[in-house]
Amino acid sequence: MVNFLIAAAFFVATLLFIYGLKRMASPVTAPSGIRVAGWGMVIAVAAAFLYAFDVRPAASEHLGTNFLLALVALGIGVAWAWRSGKRVEMTGMPQMVALYNGMGGGAAAAIAAVELYSGNAQHYGFVVTVLALVGGLIGAVALSGSVVAWAKLDGRLNRTLRFSAQQLVNGGLLALAALFALYVLIVGAGGVPTTGITLFFIAALVLGVLLTTPIGGADMPVVISLYNAFTGLAVAFEGFVLQNPAMIIAGTVVGSAGTLLTFLMAKAMNRSVSNVIFSNFGEEDDGSGGIEGSMKSVDASDAAISMYYGSKVIIVPGYGLAVAQAQHKLYEFVKLLQKQGVEVAFAIHPVAGRMPGHMNVLLAEAGIPYDIIHDLEDINEEFALSDAALVIGANDVVNPAARSNESSPIYGMPILNVDHAQQAFVVKRGQGRGYSGVENELFFADNTHMVYGDAQKVMVEMIEAVKSLGNA
Amino acid sequence: MDATTAITGFVALYIFMLAAFTGYEIIGRVPAILHTPLMSGSNFVHGIVVVGAIWALLNAATPLEQTIGFIGVLLGAGNAAGGYVVTDRMLDMFKSSDRQD
């Protein structure tokens, strides 16, 4: 009876997960989608405590303690994650996704560890042991890799650690982990090689760290998405070990969805996934040697006034806008322009912000309507027809070097054609380079003017300049 | 291990294949603006791992197994709860901007 209840609960939970994800795939139904999936999780977790009715004989004397431990761990984990998730700024979402993902990978690795240390996986035979080991390896890599990705995006780890023959070392570590796994498999029939299991997990954790440290910040979204898929797979494999269909299906769905998403993101940046993982981004010559001319700066008010008297303005928002929390002020400025009859459109690069779609979320937060927000493909031709382009806190995604300079590390990445606009205003904090560390030719162009300053302050000045015109 | 639903051999492979196609189909036709919320949403869904961790902890027989099981439940719970909150907050913004239109 209890087994039937557990199985039925998992069936309902799995159904709700898939239906919820399906609803999340459309902007109209998305907010209800996560709630549907959330109920699935509540049902599944409640059912999991029914496992207490049927535990292994060896564990029955610890059941009371274990039950209490499970409740405490669940309480602490949920309370901490709930608070941190509620508190994080919208701009900090990507690193929190990385962190929560790493925790999932760690949980999968922990299941593998318990099953291997207890000898339970080995007891159920060769295939189960292999699945536990593979899931454990992937989960451990996702854990340590995601934590490094989180530290990098959160600004806690700024150094990009690289050394020669790194790929050789990584390959060696993978081989070492495989060797320990093989040892566990061979000895597994006769006993539990505790040291071998421990070394296996250590090798996997170190591998995750070394895989992630050389990857530059601009590629981090792709890596997080990849680790998200990894965790999904790890959960699916441990689901096979535990014979838990909800874990198998949910994990596999996430594994394949995450893999596809990873390829979509990499494609948006014109990079292959293997290129991201084994690349030398930022290591080579930055290809800036041949830039002629100088940057010209202009006051925020002058820039605002010339946009006010234009007929078509395209705005290119970047991460700098989000960091300065200037999206609300920007929308205020846009509304003033629209009142004057200026046609305003937003151009969103596929990787604007820190992840595909991240900028759309940030603009939605400010209440900017969908219909003036356009993708790269939809709007790129229109720059040539516009009077002005306003670039706010974006850099690499508008660098013409990606089109023309083959020696540039960002060569080949699709960019927004801001240089085709009549004139461009670039709001920027200082003269520094972009996330990829590449000098931007656009800033030196004749029809480009720089507006230096914090995006929020610049927007306030622009609003005031336009308002004083309206009053005059 | 749950005796009522044994998933081995080809049955396991069939489930794996069908679930993989399901995931592919769900993401395949999604507009780019939903990529980040969906990544976050799928991140929440693999929080189901907490269920496996609870099973492992309830069946732990030694202090080592109990410790690792405890960590597993802690991490899995963080994955599920954090993934839910972050996704919900992201998607809430789509809702509020809809109302203003």
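Since the structure is predicted, the reported quantities are computational estimates derived from the model, not experimental observations.

Peer 1: Even after reading the chapter, I still don't get the overall build of chain A, so can you show me in this structure?
Peer 2: Counting its secondary structure elements, chain A contains 18 helices and six strands. Principal axes of the C-alpha set define a box for chain A whose edges measure 85 × 50 × 30 Å. Residues classed as buried in chain A amount to 58% of the 472 residues present. Within chain A, contacts between residues at least 6 apart in sequence are counted, and of these 76% link residues at least 24 apart. Between the averaged position of the 25 positive side-chain charges in chain A and that of its 33 negative side-chain charges there is a distance of 8 Å.

Peer 1: Where do I start with the sheet that holds strand 1 (residues 312-317) of chain A in this structure?
Peer 2: Within a sheet, adjacent strands bond to each other through the backbone by hydrogen bonds, running parallel or antiparallel. All names here are of chain A. Within the open sheet, the six strands sit side by side as 3-2-1-4-5-6. Their pairing is parallel. If you trace the sheet from one side to the other, it starts and ends with strand 3 (373-375) and strand 6 (448-452), each paired once. Between one strand axis and the next, the sheet turns by 25° as a mean value, whatever way the strands run. Note that strand 5 (residues 423-428) and strand 6 share five bridges and pair parallel. When the bridges of strand 6 are listed, Val 427 appears paired with Val 451.

Peer 1: Would you mind going over the environment of A:Ala181 with me for this structure?
Peer 2: All names here are of chain A. Examined against the element boundaries, Ala 181 turns out to sit in helix 7 (residues 166-188). We classify Ala 181 as buried; its relative accessible area is 11%. For Ala 181 and Gly 196, which are 15 residues apart along the polypeptide, the C-alpha to C-alpha distance reads 7.7 Å.

Peer 1: What should I look at first to understand the pairing of strand 1 of chain A in this one?
Peer 2: Looking along a regular strand, one sees the side chains alternate between the two faces of the sheet. Residues and elements named next belong to chain A. Burial within strand 1 is extensive, with six of its six residues counted as buried. The side-chain alternation of strand 1 yields two buried faces, one formed by Lys 312, Ile 314 and Val 316 and the other by Val 313, Ile 315 and Pro 317. Here strand 1 pairs with strand 2 (residues 343-348) via four bridges, running parallel. Looking across to strand 2, one finds that Ile 315 is bridged to Phe 346. Of the strand pairs in this sheet, strand 1 and strand 4 (residues 388-392) are connected by five bridges, and their pairing is parallel. The residue bridging Val 313 from the neighbouring strand is Ala 388, located in strand 4.

Peer 1: How should I be thinking about the domain arrangement of chain A in this particular structure?
Peer 2: Put simply, an interface is often sized by how much accessible area is lost when its parts join up. As far as domains go, chain A holds domain 1 (89-284) and domain 2 (300-467). Between domain 1 of chain A and domain 2 of chain A, the C-alpha centre-to-centre distance is 37 Å.

Peer 1: Would you take a moment to explain the UniProt feature "transmembrane region" (unreviewed entry) in chain B for this structure?
Peer 2: Residue and element names in this part refer to chain B. The feature "transmembrane region" (unreviewed entry), as given by UniProt, occupies residues 6-24, 44-62 and 68-87 in the numbering adopted here. Note that residues 6-24 is 84% helix and 0% strand, and that its end C-alpha atoms are spaced 26 Å apart. Taken as a whole, residues 44-62 contains 63% helix and 0% strand, while its terminal C-alpha atoms sit 30 Å from one another.

Peer 1: Where do I start with the interface of chain B and chain A in this structure?
Peer 2: Contacts between chain B and chain A engage 85 residues on the former and 108 residues on the latter. Between chain B and chain A, a total of about 8800 Å² is buried, with carbon and sulfur atoms accounting for 77% of that surface. The interface formed by chain B and chain A contains one salt bridge. Among the ionic pairs, B:Asp88 bridges to A:Arg35, the shortest N-O distance being 2.9 Å. Linking chain B with chain A are 18 residue pairs in polar contact (both at pLDDT 80 or more), by the criterion used here. At the level of secondary structure, the elements contributing two or more residues to the side of chain B that touches chain A comprise helix 1 (9-28), helix 2 (35-45), helix 3 (49-58) and helix 4 (63-100) of chain B. Sort the elements by how many residues they give to the side of chain B that touches chain A and helix 4 of chain B lands first, with 33 residues.

Peer 1: Where do I start with the packing of helix 4 (residues 93-117) of chain A against helix 8 (residues 194-212) of chain A in this structure?
Peer 2: Residue and element names in this part refer to chain A. Where helix 4 meets helix 8, the closest approach of the two axes is 10 Å, and the angle between their N-to-C directions is 165°. If you check the angle between helix 4 and helix 8, you find them roughly antiparallel. Between helix 4 and helix 8 the crossing geometry is right-handed. Between helix 4, through Ala 109, Ala 112, Ala 113, Leu 116 and Tyr 117, and helix 8, the contact on the second element is made entirely by Thr 194, Ile 197, Thr 198 and Phe 201.

Peer 1: Mind showing me how you'd approach a negative patch on the surface here?
Peer 2: On the surface, A:Asp299, A:Asp302, A:Glu461 and A:Glu464 cluster together into a patch of negative charge. By the secondary structure assignment, A:Glu464 is in helix 18 (residues 455-471).

Peer 1: Is there a simple way to explain the pairing of strand 2 of chain A in this structure?
Peer 2: All names here are of chain A. Of all the six residues making up strand 2, five are buried; the element is thus mostly covered by neighbouring parts of the structure. Here strand 2 runs beside strand 3; their pairing, made up of three bridges, is parallel. Across the sheet, Phe 346 pairs through a bridge with Ile 373, a residue of strand 3.

Peer 1: Any chance you could explain helix 15 (residues 358-365) of chain A here in plain terms?
Peer 2: All names here are of chain A. Within helix 15, seven of the eight residues are buried, which leaves it mostly tucked inside the rest of the structure. When helix 15 is considered as a whole, its buried residues turn out to be His 358, Met 359, Asn 360, Val 361, Leu 362, Leu 363 and Ala 364. One or two positions beyond helix 15, positive phi appears at Gly 367, with a value near 85°.

Peer 1: What is the right way to read helix 4 of chain A from this model?
Peer 2: One full turn of an α-helix is made of 3.6 residues, so residues set three or four places apart face in the same direction. A rise of 1.5 Å per residue sets the reference length of helix 4 of chain A, with its 25 residues, at 36 Å; its end C-alpha atoms lie 36 Å apart and thus fit the reference within 8%. One or two steps after helix 4 of chain A, the chain reaches A:Gly119, where phi turns positive at roughly 80°.

Peer 1: Where do I start with the nonpolar core in this structure?
Peer 2: Nonpolar side chains tend to gather and get buried jointly when the protein is soluble and globular. Formed by 173 residues in total, the largest nonpolar core has its most connected members in A:Phe333, A:Leu390, A:Met462 and B:Ile48. At 17 residues, the largest contribution of residues to this core is made by helix 4 of chain A. Here this core spans two domains, and each of domain 1 (89-284) and domain 2 (300-467) of chain A adds at least three residues to it. Apart from residues lying up to four places away in sequence, A:Leu390 is in contact with A:Met307, A:Ile314, A:Ile315, A:Val316, A:Leu330, A:Phe333, A:Phe425, A:Val427 and A:Met462. A:Ala268, A:Val391, A:Val397 and A:Leu442 belong to the second-largest nonpolar core, a separate cluster that totals 27 residues.

Rules used throughout
- Residues numbered from 1 in each chain as written.
- Chains lettered and ligands numbered in written order.
- Predicted model: local features only at pLDDT ≥ 70, side-chain atom pairs only at ≥ 80, totals over all residues.
- Heavy atoms only, no water.
- Helix = DSSP H or I, 4+ residues; strand = E, 2+ residues; numbered from the N terminus.
- Buried < 20%, exposed > 50% of the residue type's maximum accessible area, 1.4 Å probe, protein only.
- Contact = heavy atoms within 4.5 Å.
- Lys, Arg positive; Asp, Glu negative; His and termini not counted.
- Charge placed at Lys NZ, Arg CZ, Asp CG, Glu CD.
- Pairing = 2+ DSSP bridges.
- Axes fitted to C-alpha atoms, helices over the stretch in contact; angles between N-to-C directions.
- Domains from an automatic or database assignment.
- UniProt positions renumbered as here; feature names shortened; annotations may be inferred.
- Buried area = accessible area lost by both parts, 1.4 Å probe.
- Salt bridge = Lys/Arg side-chain N within 4 Å of Asp/Glu carboxyl O.
- Polar contact = N/O pair within 3.5 Å; in protein donor to acceptor, adjacent residues only side chain to side chain.
- Parallel < 35°, antiparallel > 145°, perpendicular 65-115°, else oblique.
- Left-handed = near helix turned anticlockwise from the far one by under 90°.
- Patch = residues over 30% accessible without salt bridge, like charges linked within 9 Å, V, L, I, M, F, W, Y side chains within 5 Å.
- Areas by Shrake-Rupley, 256 points an atom, 1.4 Å probe, with all protein chains shown as cover.
- Expected span 1.5 Å × (residues − 1).
- Core = buried A, V, L, I, M, F, W, Y, C linked by side-chain atoms within 4.5 Å.

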